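Now for the letters of each chain:
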Amino acid sequence: MARDKRSGEMTLGGYGLRWLLTTLLVLVSYNPSGYSAFDWFRSAWTDSALGPAHYLVAVVILIGWVVLLRATFNSLGTLGLVLGAALLGTLVWFLIDLGVLTGSSFDFYAWVALVCLSALLALGLAWSHLWRRLTGQVDVEDFDGN
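Not measured: the values here are computed from a predicted model. (Residues numbered from 1 in each chain as written. Predicted model: local features only at pLDDT ≥ 70, side-chain atom pairs only at ≥ 80, totals over all residues. Heavy atoms only, no water.)

A few words now on the environment of leucine 123. Examined against the element boundaries, leucine 123 turns out to sit in helix α4 (residues 106–135). Measuring from C-alpha to C-alpha, the distance between leucine 123 and leucine 76 comes to 8.5 Å, with 47 residues separating the pair along the chain. (Helix = DSSP H or I, 4+ residues; strand = E, 2+ residues; numbered from the N terminus.)

Running from N to C, helix α2 (residues 37–46) and helix α3 (residues 52–98) cross one another at 150°; their axes reach a closest spacing of 11 Å. By the angle between their directions, the pair α2 and α3 is classed as roughly antiparallel. At the point where α2 passes α3, the crossing takes the left-handed sense. In this structure, α2 uses Ala37, Trp40, Phe41 and Ala44 to contact α3, whose residues at the interface are Ala53, His54, Val57, Ala58 and Ile61. When its residues are assigned to classes, the contact of α2 with α3 shows eight nonpolar, one polar and no charged. (Axes fitted to C-alpha atoms, helices over the stretch in contact; angles between N-to-C directions. Parallel < 35°, antiparallel > 145°, perpendicular 65-115°, else oblique. Left-handed = near helix turned anticlockwise from the far one by under 90°. Contact = heavy atoms within 4.5 Å. Nonpolar A, V, L, I, M, F, W, Y, C, P; charged D, E, K, R; others polar.)

Scanning the model with the defined rule gives three aromatic pairs in all. Each ring, one from tryptophan 40 and one from phenylalanine 41, has its centre 5.5 Å from the other, and the planes form 35°; the classification is tilted. Owing to a relative accessible area of 22%, phenylalanine 41 belongs among the partly exposed residues under this scheme. When the ring of phenylalanine 108 is compared with that of tyrosine 109, the centres are 5.0 Å apart and the planes differ by 75°; the resulting orientation is edge-to-face. What makes phenylalanine 108 buried here is its relative accessible area of 18%. What makes tyrosine 109 partly exposed here is its relative accessible area of 39%. (Phe/Tyr/Trp six-rings, centres within 6.5 Å; stacked < 30°, edge-to-face > 60°. Buried < 20%, exposed > 50% of the residue type's maximum accessible area, 1.4 Å probe, protein only.)

Attention shifts here to the environment of leucine 50. Here leucine 50 shows up in the loop between α2 and α3. Each C-alpha atom, one on leucine 50 and one on tryptophan 40, is 9.5 Å from the other, the two residues being 10 residues apart in sequence. Among all residues touching leucine 50, those that are not within four sequence positions of it are Phe41, Ala44, Trp45 and Tyr55.

Our focus in this paragraph is α3. Note that an α-helix has 3.6 residues per turn; residues three or four places apart therefore point the same way. Across its 47 residues, α3 extends only 48 Å between first and last C-alpha, which sits more than 12% below the 69 Å expected from 1.5 Å per residue. A positive phi of about 90° marks glycine 99, the residue just after α3. (Expected span 1.5 Å × (residues − 1).)

Written out as structure tokens, the structure is:
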């Protein structure tokens, strides 16, 4: 990941890369455009055409989600996830109230929710780095003795 080589700290680019990769996983899994793994699987299921490629993609996506959710939950915890979701929800509400976000369709709100989900998951991936930078404290979850 992008780190400042002098201090070992994560840069804004490091967070951006995490958000980009998280958004990619979220949008590949499902999005309202009709071009997602969910739509591909549903179409193959309907046509009785599920094959090994479908299962391979499903396993890769599942691995991505498990890693992402585990890292986010370990980093933020339940309270952090609730507070992050509350912050993003009120931010969206504020932007709608200001007229910055306008839309009334399911697809509009689905896109907004997917972007918020990817932001929350990316924050979970970067939280330990941000916490150390903000407070000077180091989070240690797993220590293998080396």
